[in-house]
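Topology and contacts: notes
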There are 2 protein chains.
Amino acid sequence: MTITDVARHAKVSRQTVSNVINAPELVREGTRRRVLESIEALGYRASQAARQMRTGRSRLIATRIEPAEDGINGTIHDRFLHGLTESAAGFGYRVLLYTAHDDQSEIAAVDDLLAAYEPDAFVLTGTHHGDVRTAWLAERRLPFVTFGRPWSMPEGPSHPWVDVDGAAGTAAATRHLLDTGHRRIGFIGWPTGSGVGDDRRAGWARTLAAAGVDPAGLDRTTDDGVATGEKAAGDLLDADRPATALLCASDSLALGASHAALSRGGGWRADGGGGTPIAVIGFDDTSVARATGLTSVSQPLSEAAACCVALLARILDGDEASAGEDGSATTRVLLQPSLVRRQSA
Amino acid sequence: MTITDVARHAKVSRQTVSNVINAPELVREGTRRRVLESIEALGYRASQAARQMRTGRSRLIATRIEPAEDGINGTIHDRFLHGLTESAAGFGYRVLLYTAHDDQSEIAAVDDLLAAYEPDAFVLTGTHHGDVRTAWLAERRLPFVTFGRPWSMPEGPSHPWVDVDGAAGTAAATRHLLDTGHRRIGFIGWPTGSGVGDDRRAGWARTLAAAGVDPAGLDRTTDDGVATGEKAAGDLLDADRPATALLCASDSLALGASHAALSRGGGWRADGGGGTPIAVIGFDDTSVARATGLTSVSQPLSEAAACCVALLARILDGDEASAGEDGSATTRVLLQPSLVRRQSA
């Protein structure tokens, strides 16, 4: 059912039908009524293209799909994307995808999309120190929300964002290890300078210190990966005063740590085997954690996606009056993660 | 930069600008020239909405995003979706997402999208026996391609599809096990009636038979999952004449099988430990396989996505003349999987 069918039925030109939809004031009343009757008789639904011409709104939210790089942590983004699509549909929006490999290529992709599809808003993921994407969007007054806080200016006024409190997650994991009798709890994380990684390390360090355990010497930094995690864990387990528990910034690192523990006769095994317990905890509750029995910190990804869409819907509907003086009360959402306990800790 | 800015610059109504873009024959030449000069002066790019009104083409390809159900096999879809987005961009198309939980709700979602966004084409995944979605789309002459062959009518004329030859994958895995000295090679797959599952079983059975090994009694069927895989594997390993190798229809089942092998002292361990080898091979080369050292059959997902987009682009550009008499030469693509060897076999 197209505008052409309506035109034929109403015996007017295609342009007249378009005018009735987009600029009814240009059409004489008799003609307008005839076209509207044809629209109703045929069950024609004005397409989004026509509606967009009239309203300037595309009802599209664009977001980047990230490659599943190491194949372990990538599933997080998949779950977020699914939640985003479902939540957006609830508000009458659809999700449009694009790819990019860094900040600059993402800006170029956004610019292209704006010219061609005019998305109403953007959801950016993977915020980081020195993120140039958010400034670019803000300068152009484009509606957007980030999943991830603005790490370079955490205290000042900022764009709307949704994030998960990673430090609260590692703090809860550390408390669990303390509660089960561990004192020498090692932490394996990424090199300092990553907002997300430093935050996760901070939760471990402050919880250990609060329990009277000096975290000095119990910390290892390494790039993400299974092999790097195994090496860092070996270092902590072979120390003069070895760690008895290993908290990791990712499930990739934790899986490597579990291999190191196993080969020293102290790991767990998903089949119930294994020797004396060296506890291991990961982060992100990935499929690998579920499959191997790894205790891990879980992010509420569906909730995060729903919050992103709800923030955008409010911005797009212009209801900013409900925000506080500094906007902080309603445009920043920090969600709490939870610890999913399995065999490994 | 909107149509309103152009109208203001050219000192005409917004509707006149729209007419210049969509129905230039309605606009007097002097006015048309003035509007076109303003469009050029302002660097206005006719939006997709305007272009869509004119051409009836949205440059959108819609596909369903599937929830990562068991968290292991779900990553396959994520990788396909990323490939689809990249390939579509290369042809000037964007990917629009929708969610659904069964055939009927997917048809409803497609119907909704057609009314609102008018996607040019659809990519359907997860084809199965009695699939009612493809008939629905075909009846309406909507352009679409499926990732997955039409299982209910594999020989007749059909819609365009791209698939991976699962039977060739299990055949290659079985040959590898035969070559490394195994004869009693068990197969753990899904209950009969699933197109994909029956195909994977067939590749194993015919390769074993060709090597002079009777497959009878070496086959177990079970629902997908880690626990079900462990149980089925235990059954094959505890038989009077136990299997020495286990080929599985998924990495979930294979992970369970590896637990069963380990607990009988015959598995492999990613850390290099473990006893005498009971070989295990999975299917899909998921993150779990990579993380745990599981040998697995890998699907060329980026290539499959690229083929889907290329088929659609050709259909949308109307170039069907290059197809053979029955269309089979150019509208059906069966890709070959490969065996990724790791510690488990």
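Residues numbered from 1 in each chain as written. Chains lettered and ligands numbered in written order. Predicted model: local features only at pLDDT ≥ 70, side-chain atom pairs only at ≥ 80, totals over all residues. Heavy atoms only, no water.

The name that an unreviewed UniProt entry assigns to chain A is DNA-binding LacI/PurR family transcriptional regulator, with the source organism given as Streptosporangium lutulentum.

**Quick notes on the overall build of chain A**
Each helix and strand in chain A was counted, giving 14 helices and 12 strands. Within the span of chain A, comprising 345 residues, buried residues form 57% of the whole. (Helix = DSSP H or I, 4+ residues; strand = E, 2+ residues; numbered from the N terminus. Buried < 20%, exposed > 50% of the residue type's maximum accessible area, 1.4 Å probe, protein only.)

**A word on the pairing of strand β8 (residues 245-248) of chain A**
Residue and element names in this part refer to chain A. On β8, burial covers both faces: Ala245 and Leu247 on one face and Leu246 and Cys248 on the other are all buried. As judged from the four bridges shared by strand β6 (residues 185-189) and β8, these two strands associate in the parallel manner. Following the sheet pairing, glycine 186 is matched in β8 by leucine 246. Here β8 pairs with strand β9 (residues 279-283) via three bridges, running parallel. The residue of β9 that forms the bridge with alanine 245 is alanine 279. (Pairing = 2+ DSSP bridges.)

**Remarks on the packing of helix α6 (residues 103-116) of chain A against helix α7 (residues 132-139) of chain A**
Residue and element names in this part refer to chain A. In the contact formed by α6 and α7, the axes pass within 9 Å of each other and the chain directions differ by 30°. Taken together, the axes of α6 and α7 are roughly parallel relative to one another. As for how α6 packs across α7, the hand of that crossing is right-handed. Side by side, α6 and α7 meet where Asp103, Gln104, Glu106, Ile107, Val110, Asp111 and Leu114 of the first sit next to Val132, Arg133, Trp136 and Leu137 of the second. Looking at the contact of α6 with α7 residue by residue, the classes come out as six nonpolar, one polar and four charged. (Axes fitted to C-alpha atoms, helices over the stretch in contact; angles between N-to-C directions. Parallel < 35°, antiparallel > 145°, perpendicular 65-115°, else oblique. Left-handed = near helix turned anticlockwise from the far one by under 90°. Contact = heavy atoms within 4.5 Å. Nonpolar A, V, L, I, M, F, W, Y, C, P; charged D, E, K, R; others polar.)

**Overview of the nonpolar core**
When a protein is soluble and globular, its nonpolar side chains tend to lie buried together. Leu81, Leu84 and Val162 of chain A together with Leu81, Leu84 and Val162 of chain B are the most contacted members of the largest nonpolar core, which totals 53 residues. Once residues within four sequence positions are removed from consideration, valine 162 of chain A is found in contact with Val145, Thr146, Phe147, Gly148, Ala304, Cys307, Cys308, Leu311, Val333 and Leu335 of chain A. (Core = buried A, V, L, I, M, F, W, Y, C linked by side-chain atoms within 4.5 Å.)

**Concerning the state of the cysteines**
Counting across every chain of the model gives zero disulfides over all chains. Of the cysteine sulfurs around cysteine 308 of chain A, a residue in no disulfide, the closest is that of cysteine 307 of chain A, at 7.2 Å. (Disulfide = S-S within 2.5 Å.)

**Here we look at unusual backbone geometry**
Note on backbone geometry: most residues besides glycine have negative phi, and most peptide bonds are trans. All names here are of chain B. Although it is not a glycine, arginine 59 adopts a positive phi angle of roughly 60°. One can find arginine 59 in the loop between α4 (48-55) and β1 (60-64). Here the phi dihedral of aspartate 284 falls at roughly 120°; this positive angle occurs in a residue that is not glycine. Tracing the sequence through the fold places aspartate 284 in the loop between β9 (279-283) and α12 (287-292). According to the relative accessible area criterion, aspartate 284 is buried, its value standing at 7%.

**Thoughts on the sheet that holds β9 of chain A**
Residue and element names in this part refer to chain A. Ordered in space as β7-β6-β8-β9-β10-β12, the six strands form an open sheet in which the pairing is mixed. The sheet is open, and its two edges are formed by β7 (219-221) and β12 (338-340), each paired on a single side. The sheet shows a mean angle of 20° between the axes of neighbouring strands, direction not considered. Relative to β7, β6 runs parallel, the two sharing three bridges. Paired with isoleucine 188 across the bridge in β7 is arginine 220. Those strands touched by helix α9 (residues 195-210) are β6, β7, β8 and β9, and its axis lies near 165° from that of β6.

**Some remarks on the packing of aromatic side chains**
All names here are of chain A. Tallied over the full model, the rule gives four aromatic pairs over all chains. With a centroid separation of 5.3 Å and an interplanar angle of 25°, the aromatic rings of phenylalanine 187 and tryptophan 204 are classed as stacked. Taken together, the residues span a long stretch of sequence, with phenylalanine 187 in strand β6 and tryptophan 204 in helix α9 at a distance of 17 residues. The two residues phenylalanine 187 and tryptophan 204 agree in class, both being buried. The ring centre of phenylalanine 283 lies 3.6 Å from the NZ or CZ of arginine 200, which sits over that ring. (Phe/Tyr/Trp six-rings, centres within 6.5 Å; stacked < 30°, edge-to-face > 60°. Lys NZ or Arg CZ within 6 Å of the ring centre and 35° of its normal.)

**A word on the sheet that holds strand β6 (residues 185-189) of chain B**
Residue and element names in this part refer to chain B. Read across the open sheet, the six strands follow the order β7-β6-β8-β9-β10-β12; overall the sheet is mixed. The sheet is open, and its two edges are formed by β7 (219-221) and β12 (338-340), each paired on a single side. Between one strand and the next, the sheet's axes are offset by a mean angle of 20°, whatever the strand orientation. Strands in contact with helix α8 (residues 166-179) are β6, β8 (245-248), β9, β10 (295-298) and β12; relative to β9, the strand with the most contacts, it is inclined by about 165°. Its contacts with the sheet place helix α11 (residues 251-263) against β6, β8, β9 and β10, and it is angled at close to 160° to β9.

**Overview of the packing of helix α10 (residues 226-237) of chain A against helix α11 (residues 251-263) of chain A**
All names here are of chain A. Running from N to C, α10 and α11 point in directions that differ by 50°, and their axes come no closer than 7 Å. Comparing the axis directions of α10 and α11 gives the class oblique. Once α10 is placed against α11, the crossing between them reads as right-handed. Across the interface between the two elements, Val226, Thr228, Gly229, Glu230, Ala233, Gly234 and Leu237 of α10 pack against Ser252, Leu253, Leu255, Gly256, Ala257, His259, Ala260 and Ala261 of α11. The residue makeup of the contact of α10 with α11, split by class, is eight nonpolar, six polar and one charged.

**Remarks on α6 of chain A**
Residue and element names in this part refer to chain A. With 14 residues, α6 should reach 20 Å at 1.5 Å per residue; the first-to-last C-alpha distance of 20 Å fits that figure. The N-cap of α6, judged by a side-chain oxygen 3.3 Å from the amide nitrogen of glutamine 104 a few residues on, is aspartate 102. Count one or two residues on from α6 and you reach glutamate 118, which has phi positive near 50°. (Expected span 1.5 Å × (residues − 1). Polar contact = N/O pair within 3.5 Å; in protein donor to acceptor, adjacent residues only side chain to side chain.)

**Points about the side chain of threonine 125 of chain B**
Residues and elements named next belong to chain B. By the element assignment, threonine 125 lies in strand β3 (residues 121-125). A polar contact of 2.7 Å, which involves the side chain of threonine 125, links it to the side chain of glutamate 66. Leaving out residues up to four positions away in the same chain, threonine 125 has contacts with Glu66, His77, Phe80, Arg133 and Phe147.

**Brief notes about the pattern of salt bridges**
Taken as a whole, this structure holds 30 salt bridges over all chains when the rule is applied. In this structure, aspartate 163 of chain A engages arginine 149 of chain A in a salt bridge whose closest nitrogen and oxygen atoms are separated by 2.7 Å. Of this pair, aspartate 163 of chain A sits in strand β5 (residues 161-164) while arginine 149 of chain A sits in the loop between β4 (144-147) and β5, and the two are 14 residues apart along the sequence. Accessibility assignment for this pair places aspartate 163 of chain A and arginine 149 of chain A in one class, buried. A salt bridge links aspartate 5 of chain B to arginine 8 of chain B; the shortest N-O distance between them is 3.9 Å. Separated by three residues within a single helix, aspartate 5 of chain B and arginine 8 of chain B lie in helix α1 (residues 3-10), roughly one turn from each other. The class of aspartate 5 of chain B is partly exposed, set by a relative accessible area of 27%. Overall, the relative accessible area of 59% leaves arginine 8 of chain B in the exposed class. Beyond isolated ion pairs, a larger network of salt bridges with shared partners links Arg64, Asp103, Glu106, Asp131 and Arg133 of chain A. (Salt bridge = Lys/Arg side-chain N within 4 Å of Asp/Glu carboxyl O.)

**Side note on the environment of glutamine 15 of chain B**
All names here are of chain B. Turning to its location among the elements, glutamine 15 is positioned in helix α2 (residues 14-22). Assessed through its relative accessible area of 7%, glutamine 15 is described here as buried. Sequence separation between glutamine 15 and isoleucine 3 is 12 residues; the distance between their C-alpha atoms is 8.9 Å.

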